[in-house]
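Residue-level listing of the chains:
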Amino acid sequence: MIEDFRQAALDYHRHPQPGKLGIQTTKRMETQRDLALAYSPGVAAPCEVIVADPAAAREFTARGNLVGVVTNGTAVLGLGNIGPLASKPVMEGKAVLFRKFAGIDSFDIEVDTTDVARFCDAVALLEPTFGGINLEDIKAPECFLIEAELRSRMRIPVFHDDQHGTAIVCAAAITNALLLQEKRIEDVRLVTAGAGAAAIACVELLVSMGMSPANVTLTDIDGVVHADRAGEMLPNMRRFAHATTARTLGDVVGGADIFLGLSAPGVFKPDWLPLLAPRPLILAMANPNPEIMPHLVRERRPDAIVATGRSDFPNQVNNLLCFPYIFRGALDCQATEINEAMKMAAVSAIAALARAEPDEAVANAYGGEALLFGPEHIIPKPFDPRLILEVAPAVARAAEQTGVALSPIGDLAAYRASLGRHAHGSTQLMMPLFESARRETKRVAYAAGESDSILRAAQIVVDERLARPVLVGRRGVIEDGIRRLGLRMRVDDHVEVFDPTGDDALLPDLQERYVALVERRGVPPAAARRRLRQQPTVAAAMLLEAGLVDAALCGTPADWSMETRLALEIVPRAEGVDRVSALTALIHGQGTLFFADTHLNVDPTAEQLAELTLMAAEQVRRFGLTPNVALLSHSNFGASKAPSARKMRDALRLVRARAPELRIDGEMHADAAINPSIRSSVVSESVLDGPANLLVMPSLDAANIALTLLTSVTRGVAVGPILVGMSKPLHVLVPSTTTRGIVNMTALVVTESVNDWKGTRA
């Protein structure tokens, strides 16, 4: 470890406070009543319910989402037997991964004993605390004995990740590699370097998948594990101890289809590479350096597929691909154990995901790699947000099918959708719009049809039956992009293309319609015709104006303001609307906030603010939410006579006159809008019910600054900008909109079209 990285790691763990974990309350603790409900005397009520029905603990406590990460520190990866205290940073790190990737809370527990019985007693006695136990970094053979004993004593999942997590990801990699190499698991021969807990778990799982035990040869530091070997063997090792005169790894690699390395750096010699079977698979997973470096394999055996445990080489075999999601599925169905069927389900789900088309978020996280299924992509990347959507439901389904789920998940499709909050933070907010969009098939034009993000989004839109995409762009470029990204959709079958450079059927009529719209706005006819061919936003908006599509998403990597101006020249504001405004939703850890106006009106008048507020409130209702509106200011309920404060008070008066039923108050500070107790300390009565969810700002500066600041601080997900006050369903995407953001905006614009668009107006 280089010294500057070592120092950075020390600083990371020390500052701004020691460690990587903390405890955060999930309930409000602001008043005397809150304290009475949280502790004495209110806490007695759930205690009494749990006494009567122990299963109710899942409903009234955190146990159903709490995993214990337990070790004695006897086999810490790369460090060995460093003891329980020194292993604590590793266990805290594992707990952080549970939270980050699957929303599971964890406590790390370091048990100061190497005695198997004492360790098991300590962990088993903790069963009332946890919904599951993740055993970690315990040396063999004790790890086998401990897991078996705890599984027999406890009625919650007990999972030794070093064994089974490694085995599951290895099995997924082998599944896909054999598919590419056109081999059957029943026929292949496997040789290991290493015969510890992880290696034994790997070969056991592969045997359960169809590999013959006779085709497995184990080797360890003492050489080949053979039938005549003296001394004790680890549990299950003797099953693979065959009669043979071979005694070294070099003696047994000849003809092997799979080399499985879980041992030490450099133990596989380059001179052995020609001895392997044709089209071999090499899993060299020693850390930090593999049993053989991938570049050495490529030089001697270009027909081989190589996987390692390192993130800087292709095909990283990483337990992170499975353990958070296996526990997610097991906890959610209240599984009493994690059995073979659940592990097999995880293998299949992980392998299938590697064969799916690439995800933009994954590509961006890994330097824009295409990540197409092939020799250098046989398993998913750890940051693939789809893992939770595929693995957790598969595990829960297998638990139900094998009878170990105490609370089977009845609707797996709905469960999968609920997991979307981990993969895509906007899922929960967007769900009503997604359901509405699926009612009818609408045609949506996408201006930037040649871009990778639009193409990826179009594939999702097709898969989720949200709309029929009409891509604006050069047909050849779009078709090449679909092939390059490994997408399954086909032009004309699943998506349509409008090519402004060569669509002789539609182009002349659209050009003349556009000329009629803009020739008296300073755009000569020749320039107008040229603009429609060259400006994708103009082409998409004209498709909508001509009735050739039902909705449009404009915008390209160019300037958003210019793109919006071009679109508004074609699709103007709705009748009776003074100004189109921009509304943006921010989804953060505590809920969703809507901000207005974030992009268009620099210093709106009181009349314009009132109009904007009413249109924004209607848009909030489209998301299935009841608007709770706060007019924000530096002034708190009349405290200032500044023009901006008076403007907000005037806007409140106008809104209440037009929509007396709307819950709205102001002008107020932002903390009073969000925190009801602060608000009640300033005014005795307010029509707002709890925290505000729609924040109307006095200026564009205020709205945009608030939105971008909170997005950065909360790491929230923005949905928008949403144009309100338009005469037809059209929005303009900002250049930074992700694939998921485009899908969200598609659902929104289709919903507007499905609901007989009449404009969101005051």
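Parameters at a glance
- Residues numbered from 1 in each chain as written.
- Predicted model: local features only at pLDDT ≥ 70, side-chain atom pairs only at ≥ 80, totals over all residues.
- Heavy atoms only, no water.
- pLDDT = per-residue confidence, 0-100.
- Contact = heavy atoms within 4.5 Å.
- Pairing = 2+ DSSP bridges.
- Helix = DSSP H or I, 4+ residues; strand = E, 2+ residues; numbered from the N terminus.
- Axes fitted to C-alpha atoms, helices over the stretch in contact; angles between N-to-C directions.
- Disulfide = S-S within 2.5 Å.
- Buried < 20%, exposed > 50% of the residue type's maximum accessible area, 1.4 Å probe, protein only.
- Lys, Arg positive; Asp, Glu negative; His and termini not counted.
- Salt bridge = Lys/Arg side-chain N within 4 Å of Asp/Glu carboxyl O.
- Patch = residues over 30% accessible without salt bridge, like charges linked within 9 Å, V, L, I, M, F, W, Y side chains within 5 Å.
- Areas by Shrake-Rupley, 256 points an atom, 1.4 Å probe, with all protein chains shown as cover.
- Parallel < 35°, antiparallel > 145°, perpendicular 65-115°, else oblique.
- Nonpolar A, V, L, I, M, F, W, Y, C, P; charged D, E, K, R; others polar.
- Left-handed = near helix turned anticlockwise from the far one by under 90°.
- Right-handed = clockwise from strand over helix to strand, strands pointing away.
- Phe/Tyr/Trp six-rings, centres within 6.5 Å; stacked < 30°, edge-to-face > 60°.
- Lys NZ or Arg CZ within 6 Å of the ring centre and 35° of its normal.

### Re the confidence of the model for the protein
Line of reasoning, step 1. Per-residue confidence for the protein gives a mean pLDDT of 90, with 96% of residues at or over 70.
Line of reasoning, step 2. With pLDDT under 50 throughout, residues 757–762 is counted as low confidence; its partners more than four residues away or in other chains account for 22 contacts.

### A closer look at the sheet that holds strand β2 (residues 105–110)
Line of reasoning, step 1. Strand order across the open sheet formed by 4 strands is β2-β1-β3-β4, with parallel pairing between neighbours. Each edge of the open sheet is held by one strand with a lone partner, namely β2 and β4 (158–160). Each strand axis lies, on average, 20° off the axis of its neighbour in the sheet, ignoring direction.
Line of reasoning, step 2. Two elements, strand β3 (residues 132–135) and β4, share 3 bridges in a ladder whose sense is parallel. Counted as the bridge partner of L135 is H160 from β4.
Line of reasoning, step 3. Running over the sheet, helix α13 (residues 323–332) touches β1 (66–71), β3 and β4 and is turned about 160° from β3.

### Let's talk about the sheet that holds strand β19 (residues 663–668)
Line of reasoning, step 1. As summarised here, the arrangement of the 6 strands in space is β19-β18-β20-β17-β16-β21, forming an open sheet in which the pairing is mixed. If you trace the sheet from one side to the other, it starts and ends with β19 and β21 (717–724), each paired once. Pairs of neighbouring strands in the sheet enclose a mean axial angle of 20°, with direction left out of account.
Line of reasoning, step 2. As judged from the 3 bridges shared by strand β17 (residues 591–596) and strand β20 (residues 694–696), these two strands associate in the parallel manner. Looking at β20, one finds that F595 is bridged to L695.
Line of reasoning, step 3. Contacts from helix α26 (residues 643–658) reach β18 (628–632), β19 and β20 within the one sheet, and its direction differs from that of β19 by about 165°.

### Quick notes on the state of the cysteines
Working definition: the covalent bond between the sulfur atoms of two cysteines is a disulfide.
Line of reasoning, step 1. Tallying each qualifying case throughout the model produces 0 disulfides.
Line of reasoning, step 2. Take C143: it sits in no disulfide, and the sulfur closest to it among the cysteines is that of C120, at 11 Å.
Line of reasoning, step 3. Note on C143: relative accessible area 1%, which makes it buried.
Line of reasoning, step 4. In this structure C322 is not part of a disulfide, and its nearest cysteine sulfur, from C170, lies 10.0 Å away.
Line of reasoning, step 5. You can call C322 buried: its relative accessible area is 0%.

### Points about the side chain of R679
Line of reasoning, step 1. Following the sequence through the fold, R679 ends up in helix α28 (residues 676–682).
Line of reasoning, step 2. One buried charged side chain, R679, makes no salt bridge at all; its nearest oppositely charged neighbour is D665, positioned 5.9 Å away.
Line of reasoning, step 3. Those residues in contact with R679 that lie beyond four places of it in its chain are F637, M668, A672, A673, S686, L688 and G690.

### Topic: a nonpolar patch on the surface
Line of reasoning, step 1. A cluster of nonpolar side chains, contributed by I705, L709 and V713, occupies part of the molecular surface with about 310 Å² of accessible area.
Line of reasoning, step 2. Tracing the chain through its elements places L709 in helix α29 (residues 700–714).

### Structural notes on the packing of helix α22 (residues 525–534) against helix α23 (residues 536–545)
Line of reasoning, step 1. Where α22 meets α23, the axes come as close as 5 Å, and the angle between the chain directions of the two elements is 95°. By the angle between their axes, α22 is roughly perpendicular relative to α23. Facing R531, L532 and Q534 of α22, the residues of α23 in contact are P536, V538, A539 and M542.
Line of reasoning, step 2. Tallied by class, residues from the contact of α22 with α23 come to 5 nonpolar, 1 polar and 1 charged.

### Here's the deal with the packing of α13 against helix α16 (residues 387–401)
Line of reasoning, step 1. Look at α13 against α16: their axes get within 7 Å of each other, and the N-to-C directions meet at 45°. One element, α13, and the other, α16, form an angle in the oblique class. In terms of crossing hand, the pair formed by α13 and α16 is right-handed. Residues Y325, I326, R328, G329 and A330 of α13 pack against L387, I388, V391, A392, V395 and A396 of α16.

### Notes on the pairing of strand β12 (residues 443–446)
Line of reasoning, step 1. Looking at chain direction, β12 and strand β13 (residues 468–472) are connected through 4 bridges and run parallel. In the strand pairing of β13, R443 is matched with R468.
Line of reasoning, step 2. Each parallel crossover has a hand, and for β12 linked through helix α19 (residues 452–463) to β13 it is right-handed.
Line of reasoning, step 3. Both β12 and strand β15 (residues 551–554) contribute to a ladder of 3 bridges, which runs parallel. Following the sheet pairing, Y446 is matched in β15 by L553.

### Here we look at the packing of aromatic side chains
Line of reasoning, step 1. Scanning the entire structure with this criterion turns up 7 aromatic pairs.
Line of reasoning, step 2. Ring geometry for F159 and F327: centres 5.9 Å apart, planes at 85°, overall edge-to-face. Linking F159 in strand β4 with F327 in helix α13, this pair joins segments that are 168 residues apart in sequence. There is no split in this pair, since F159 and F327 are both buried.
Line of reasoning, step 3. Here the aromatic cluster, defined as three or more aromatic residues joined through ring pairs, consists of F98, F159, F323 and F327.
Line of reasoning, step 4. Geometry around F323 places K94 over its ring, the cationic atom sitting 4.1 Å from the centre.

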